[in-house]
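Coordinate inspection notes
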Amino acid sequence: MEVGSWKKIVLLFLLVQFAFSQSNKTLENKIYETVEVFAANPTIESLNKIEIAEKSFVVKSNTEKLALVILKCNVAFYQNQFGQTQKAISSYEKAWQLYDQNKLSNYDIVESCLKPLGNLYTIVGDYDNAENTIKQYFYIASIDKNSKQKAAAILNLSNVYQNTGKIDEAIILLEKTIKTEKLSSTEKGKLLSNLGNNYFLSKNYKKAENAFELSVVELKKVDSQSEMLFNSYRNLASLYLENNPSKAINYLEKASAIFSKIENIEPRKKASFLLVEAKMLFSQEKFQEAKKKISDVFKLLLPNYSKTILPSKNALYAETILLDALDLQATLFVAENQPKKALESYALSFHVEELLQSLLMHENSKIINQIRNRNRTEKCIAIYYSLFRKENKISYLEKAFELQEKTKSAVLQQEIAKNKVISKEEKLIYEQLQNWKNTILKEQQNLEYADISKINEAIKKQNELMLLLKSKQSNPIEKEKSFKISELYSKLENDKAVMIEYFFGQEKIYIFTIQNNKIKLEEINFEATSKIISFLNYFSNAEKITNDVASFNRDAFSVYKMLKLPSKSTNKNLIIVPDGILNFLPFETLITKESKTTNFAKMHYLLNDFAVGYNNSATFYLNVIPFKHDKETILGVFPVFENSTLELAFSKKEMQSIKKNFKGTYLEKQNATFKNFSSNATNFSILHLSTHASSGDVIEPASIRFYEQEIMYSELYHLNINPDLVVLSACETGIGKLYNAEGAMSVARGFQFAGAQNLLFSLWKVNDFTTSVFMEKFYKNIQNGKSYFEANHQAKLDFLKSSRIPNAKKSPYYWSAFVYYGTLENKESTNYFLWISIVVGIVGLVFLFLFFRKNFNKNKNIVNLV
């Protein structure tokens, strides 16, 4: 037998002896000695054994619990060392939960648990949990007056801000700390290095260079061979990579010299540096050498990696460095004119991204991580489009469409799917988690007057609930059925519809047109964004269009042509799936034929050629949920706000016109409270809210006002609603912080999250009078049997035809603010086909029953004869 094998046997024997056999020792001592034996010679085999031994420790006293906390922290440390990131996170979480719940002490829980836990959350992209954990130990460090841990918290928090796009916040935090806090040279050097990174991302390269060089000065005072100094040199190399390659190489060599002398460096950190070297070699067009470095990354992170260029899909796990290495490998394939190999590499990247996404629980973290997916998707679309032009195979366009479709409202789709299958207990925990998050958001709006202790208490509660939720979670949520473009072709044909789906990339805007069982892909340059923004400016106030009708006519026609919209055809319906700032564009107002008229009713709008509807994605369009109510009943919310600056004088008229034709409950004035609305919302087919709303700003999220309070969009997420339609008759209900693909974090999203499929909402500040006129026409069309989709379209045409509305009020500003998202289907026809299906199903079952009974009797007779 080999010596190595004997060593393993002896070590495992010792572990078992210490954990189980020393009956004369206390459980506390057994746990500590198990830790000592393991730490003396940590291996994957001994790690697996200690994980088993850990389960046998039934701790009761606080001293035993503290011993178990220490064991879990040690296990987590080595799980991370061995690349078992998710296991490490779980062990740290359990250690913190045990420590916190039992109010234990006499152990540096910040250094041994919370700091590494926060860092691991950041690495896997779980930024909400990272931020909460870091803020929690910053609070603990502040109480303990531990300046070293406070500095570490600020450093790590700036990393989170940097990764979530809050560059300005990171810079302010770091600059303030460097100027005002008493820091050691090491602390100052680390903070300066991070500050340089954030300056670099904000494209302030001079300040970045200065910060990195100051970082080097500070770190050299302590140790000329430190890991942090290595990081600063590496950052300087990245800074000069494009503009000054020789300088970049010089700094990379300095970093490499330090790197070679650092002992016991983690595999992940080694891989990270190798990846920087690979990027440097790629920029110098040394492709083979770059490939070798990427291969070395795979060898370090994947134990069973063979000499093949791309690793096996089954060997991959949730790791951002693997993700970056696969993306760089794909870029190399493109540079070498191997587009199909590049697509293979990107497919593996998407798989790793999916694994990372599965670890996340917070909506915000999921959305931010989708940004990487978007950038990768854009590159794949470009490859597919290039292959199509070369080989003329439609399948390439279909694959491009299916790929970008996966990014459309992906997080919203996941959350809706999750809410359908999770237990009541899990739903309650999610709701409480969201409530505490809302508490933090509201308190943060007080800026310098915010109560820090209240925020910290909310963060603590969030962390407790998050850990509880993880312990309760059942099996992973099953994915929705895969998207099939053949089903989309079929449904569009049945609906007599054309679909235009946009993909707003960083370099190009891609436009997919689907009609008559065919797909077309076109592209326009990203510079077109300025034209779109300029056009949107016409809707910033009522006078912009009326003051210059000719310019509006010209620009609306120009944008129509630029966005490649279809000409009038036999397909009367047009479905738009917008992206990026196109989410805020009222497509119906685009001019299909220029004219010199100033009569708004006589202009040639897209509205005249098509009935226009919108959707978040083709998947939403395909997965239509059957209507839940046979008859239209309305829950109306009309606060009116009489005798105040918020008064909506025409809201009462709007209510009366609806009330005259539809049964329901109408919450008026002081009865229009959020409590009354939420307790009644389940029972009605249409929820109509006529009130004030806001799109929010940098600090405040989008919100909607009830009589007694303002409700943030995220507070709507867990409403118990079951509507066929939600009408948001208020300002800016479709506007909010914008994420490409995911859309706006708006009031409308709040209702979608809660389960609303069909919505009518606004894109700017609407006029009280014209809104009431539009709503009257909209509901009259519904009463006359039109679908919600048709009712919206016809209401706009009726508005333009109305003789009682003056020309100035027929400006697109007044009639086009409301957009409809949802199904094209008519409730009556849907119910008719539903009943037909039921009748056919029943007849079929009766037929089968009779058939089998007849056969059963025959067989019975045969048996009797035998």
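Structural notes, computed from the coordinates.

The rules behind each value
Residues numbered from 1 in each chain as written. Predicted model: local features only at pLDDT ≥ 70, side-chain atom pairs only at ≥ 80, totals over all residues. Heavy atoms only, no water. Helix = DSSP H or I, 4+ residues; strand = E, 2+ residues; numbered from the N terminus. Rg over C-alpha atoms; globule rule 2.2 N^0.38 Å. Buried < 20%, exposed > 50% of the residue type's maximum accessible area, 1.4 Å probe, protein only. Axes fitted to C-alpha atoms, helices over the stretch in contact; angles between N-to-C directions. Contact = heavy atoms within 4.5 Å. Nonpolar A, V, L, I, M, F, W, Y, C, P; charged D, E, K, R; others polar. Patch = residues over 30% accessible without salt bridge, like charges linked within 9 Å, V, L, I, M, F, W, Y side chains within 5 Å. Areas by Shrake-Rupley, 256 points an atom, 1.4 Å probe, with all protein chains shown as cover. Salt bridge = Lys/Arg side-chain N within 4 Å of Asp/Glu carboxyl O. Expected span 1.5 Å × (residues − 1).

A tally of regular secondary structure across the protein gives 35 helices and 18 strands. In terms of overall size, the protein behaves like a compact globule, its C-alpha atoms giving a radius of gyration of 31 Å where 866 residues would be expected to give roughly 29 Å. Principal axes of the C-alpha set define a box for the protein whose edges measure 95 × 90 × 65 Å. The buried share of the protein, taken over its 866 residues, is 53%.

Next up on the list: the packing of helix α20 (residues 410-421) against helix α31 (residues 747-754). Relative to each other, α20 and α31 sit at 35 degrees, their axes nearing to 9 Å. In contact with Val411, Leu412, Glu415, Ile416 and Asn419 of α20, α31 contributes Arg749, Gln752 and Phe753. Across the contact of α20 with α31, the residue classes tally to 4 nonpolar, 2 polar and 2 charged.

The grouping of Leu447, Val698 and Ile699 at the surface amounts to a nonpolar patch, some 330 Å² of accessible area in total. Here Ile699 lies in the loop between β11 (693-694) and β12 (703-705). Overall, the relative accessible area of 45% leaves Ile699 in the partly exposed class.

On to helix α18 (residues 363-391). Over its 29 residues, α18 runs 40 Å from end to end, which matches the ideal 42 Å to within 8%, given 1.5 Å per residue. The first or second residue beyond α18 is Asn392, which carries a positive phi of 60 degrees.

Along the polypeptide, Phe789 turns up in helix α33 (residues 788-801). Sequence separation between Phe789 and Thr597 is 192 residues; the distance between their C-alpha atoms is 29 Å. With residues up to four places along the chain from it excluded, the contact list for Phe789 reads Asn573, Ala611, Val612, Gly613, Tyr820, Thr823 and Leu824.

On to the pattern of salt bridges, then. It is possible for side chains of opposite charge to pair when their charged atoms get near one another. In this structure the tally under the stated criterion is 42 salt bridges. As a salt-bridge pair, Glu131 and Lys166 come within 3.8 Å of each other at their nearest N and O atoms. With Glu131 in helix α7 (residues 127-144) and Lys166 in the loop between α8 (147-163) and α9 (167-180), this residue pair connects regions lying 35 residues apart in the sequence. The salt bridge partner of Lys765 is Glu732, with a shortest N-O separation of 3.8 Å.

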